[in-house]
Amino acid sequence: MQLSPTDWRAALAGAAATLLAPGAHAADAATPWLVDTAVLLYSEGGGRVRAVEPVVGLKRTDAAGVTTGLKVTLDSLTGASPNGAVAQPGVQTFTSPSGKGSWTAAPGVRPLDPSFKDTRVALAANQERPWGADQRLSYGANVSREYDFTSLGANVSLARDFDRKNTTLSIGLALEADQLRPVGGQPAGLKPMFGAGSSKGGNGSRQVADLLLGWTQVVNRQWLMQLNLGLGSGSGEHTDPYKLLSVLDGSSGLVTGSRYVAELRPDSRTRTSLFWGHKVSLGPGVLDASYRWYGDDWGVRAHTVDLRWRHPLPGGGFVQPRWRHHIQQAADFYRPWLIEGRDWNSTTQTSPLSAASADERLGAFSADTVGVTLGWPLARDSLLTLRAETYRQRQDAPSGAPGVLATLAPALDLKATMLTVGWSFRW
């Protein structure tokens, strides 16, 4: 049976109300939905990850001031992803996660697992309603499903206005429960990845809680400032089941002994972040500038500056260039490789380390994003946007590369391009 646009609207409104029950209001057909649609095309250089991500979001505010939102996201990823092994002068062969196949890495290049692929479907619903004269209560739920990962989340926040709505203080709590189902099972950390001594278990789980404290201040007619403090804690399985470390001879730099060992990360992580943002009207345009500091008990420290300038164009359109700069310090347990006899003993198949990972996302690097967004009004309450961005990540080269590794590329820089087409309209 084919549904009419009116039927689709009613169905989506009913889905949002069901997810947010029992507090959801019945949909008011006289109030239109604001629909935001977008498609992201993402591509990494060197044959690495490619992604297509369509997103549809709906939002409406009824006569009682209750705002309801619903968002659906679909991700499709393919390509090749680093598995953590270092380059070698000869061919390297790896077993696939399922154990039913193998793949090879050419001499002199960092191994990239070509079997990487994933599809994610995510649904999020939220509602915000007045709660007293100067307060607003928000709550929501979300679910995300991949072939080897499922995540369930819920959130609630309370905001209160002061000083004739020039000052807003808020507090929010988000909870998340994850179920991990690695292909082939979860490898035993800091044990051989393949062959004798390797061991794989079943599924894993993780629980995450985040607390957000916010302050928004109208400084003057042209300046809005925001300050957020985020505190987070996670417990459970944090180890990536598809990442490994190379075991190297300390003199030659060649893989030796057990050759490859599964990574191991701590089973808990606490995070702190501080966000300081400003929106300033300067002449015809608006400057959006922010700074974010991040730190966790894994030793990762990061600083991010994000600058955007939105300038109006004739006819109601706009142009918005953007520059984002990110600097990150490596985790305490980041190791680009393991040295036989120091970090790993192939005879006893043991390591003196309590945790180790060669995942370059946990390494030290700097990154820049440069792009521009263009917007054109197509009709009343309808806007078409086009955003093009480039991303360049420069990995810090590790020191002390042994033997032949000193002549090869120990770090793998990343280049990516992103193109997003969006269309928003009232329905």
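Residues numbered from 1 in each chain as written. Predicted model: local features only at pLDDT ≥ 70, side-chain atom pairs only at ≥ 80, totals over all residues. Heavy atoms only, no water.

Another aspect to go through is the nonpolar core. Grouped together as the largest cluster of nonpolar side chains are 14 residues, with contacts concentrated most on Phe94, Leu244, Leu248, Tyr260 and Trp337. Elements supplying a minimum of two residues to this core: β5 (102-105), β12 (244-248) and β13 (255-262). No other element matches the three residues that β13 contributes to this core. If near-sequence neighbours (up to four positions away) are discounted, Leu248 is found in contact with Val86, Gln88, Gly253, Leu254, Val255, Thr256, Trp337, Leu338, Ile339, Glu340, Pro402 and Leu405. (Core = buried A, V, L, I, M, F, W, Y, C linked by side-chain atoms within 4.5 Å. Buried < 20%, exposed > 50% of the residue type's maximum accessible area, 1.4 Å probe, protein only. Helix = DSSP H or I, 4+ residues; strand = E, 2+ residues; numbered from the N terminus. Contact = heavy atoms within 4.5 Å.)

Let us now look at the sheet that holds strand β18 (residues 338-339). Reading across the sheet, the three strands line up as β13-β12-β18 and stay open at both edges, with mixed pairing between neighbours. Every other strand in the sheet has two partners, leaving β13 and β18 as the edge strands with one partner each. Pairing analysis gives two bridges linking β12 to β18, with the strands arranged parallel. Note on β18: the bridge partner recorded for Leu248 is Ile339. (Pairing = 2+ DSSP bridges.)

Right, let's get into the pattern of salt bridges. For the structure shown, the criterion picks out 20 salt bridges. Between Arg48 and Glu44 there is a salt bridge whose closest N-O contact spans 3.3 Å. A salt bridge links Asp240 to Arg361, with the shortest nitrogen-to-oxygen separation between them at 3.3 Å. You can see Asp240 sitting in the loop between β11 (223-236) and β12 and its partner Arg361 sitting in the loop between β18 and β19 (365-379), a full 121 residues away along the chain. With relative accessibility at 17%, the residue Asp240 sits in the buried group. Sharing partners across several salt bridges, the network here consists of Asp240, Glu263, Arg265, Asp359 and Arg361. (Salt bridge = Lys/Arg side-chain N within 4 Å of Asp/Glu carboxyl O.)

Let us now look at the environment of Val280. Mapped onto the elements, Val280 comes out in strand β14 (residues 268-282). Looking at Val280, the relative accessible area reads 18%, which means it is buried. Spatially, the C-alpha atoms of Val280 and Pro377 are 23 Å apart, while their sequence positions differ by 97 residues. Sequence-distant contacts of Val280, that is, excluding residues within four places in its chain, are made with Gln222, Trp223, Gly285, Val286 and Leu287.

Turning to a nonpolar patch on the surface, a few remarks are in order. Residues Val39, Leu41, Val52, Trp376, Leu378, Leu386, Leu419, Val421 and Trp423 make up a contiguous nonpolar surface patch of roughly 740 Å² in combined accessible area. When contributions to the nonpolar patch are tallied by element, the ones reaching two or more residues are β1 (34-44), β19 and β21 (414-426). When residues of the nonpolar patch are assigned to their parent elements, the largest contribution, three residues, is made by β21. Relative to the assigned elements, Leu386 resides in strand β20 (residues 382-395). (Patch = residues over 30% accessible without salt bridge, like charges linked within 9 Å, V, L, I, M, F, W, Y side chains within 5 Å. Areas by Shrake-Rupley, 256 points an atom, 1.4 Å probe, with all protein chains shown as cover.)

Now for the side chain of Glu146. By the element assignment, Glu146 lies in strand β7 (residues 135-146). Beyond its immediate stretch of four places on either side in the chain, Glu146 contacts Asp118, Thr119, Arg120 and Arg181.

Here we take up the confidence of the model for the protein chain. Considering every residue of the protein chain, the mean pLDDT works out to 91; 92% of them sit at 70 or more. Segment residues 1-28 is flagged for pLDDT under 50; beyond a separation of four residues in sequence, or across chains, it makes 35 contacts in the model. (pLDDT = per-residue confidence, 0-100.)

What follows is about the packing of aromatic side chains. Following the criterion strictly, the structure yields five aromatic pairs and no others. Here the aromatic rings of Phe194 and Tyr260 are separated by 6.2 Å at their centres, their planes lie at 75°, and the arrangement is edge-to-face. Of this pair, Phe194 sits in the loop between β9 (167-180) and β10 (204-220) while Tyr260 sits in strand β13, and the two are 66 residues apart along the sequence. Assessed through its relative accessible area of 26%, Phe194 is described here as partly exposed. An angle of 75° between the planes, with centres 5.2 Å apart, marks the rings of Trp298 and Phe333 as edge-to-face. Of this pair, Trp298 sits in the loop between β15 (285-296) and β16 (301-312) while Phe333 is found in the loop between β17 (318-329) and β18, placing the two residues 35 residues apart along the sequence. A residue is classified by how much of its surface remains accessible, and Trp298, at 3% relative accessible area, is buried. Members of the aromatic cluster, joined through ring pairs, are Phe94, Trp103, Phe194 and Tyr260. Positioned over the ring face of Trp33 is Arg60, at 5.4 Å from the centre of the ring. In this arrangement the basic side chain of Arg269 is found over the ring face of Trp298, its NZ or CZ atom lying 4.0 Å from the centre. (Phe/Tyr/Trp six-rings, centres within 6.5 Å; stacked < 30°, edge-to-face > 60°. Lys NZ or Arg CZ within 6 Å of the ring centre and 35° of its normal.)

Quick look at the pairing of β9 now. Direction of pairing for strand β8 (residues 149-162) relative to β9: antiparallel, over a ladder of 14 bridges. Looking at β9, one finds that Leu152 is bridged to Ala177. Between β8 and β9, which follow one another and run antiparallel, lie four residues, and Asp163 among them has a positive phi close to 50°. Two strands pair when backbone bridges link them, and β9 and β10 are joined in this way by 14 bridges, in the antiparallel orientation. Within the sheet, the bridge partner assigned to Ala177 lies in β10 and is Gln207.

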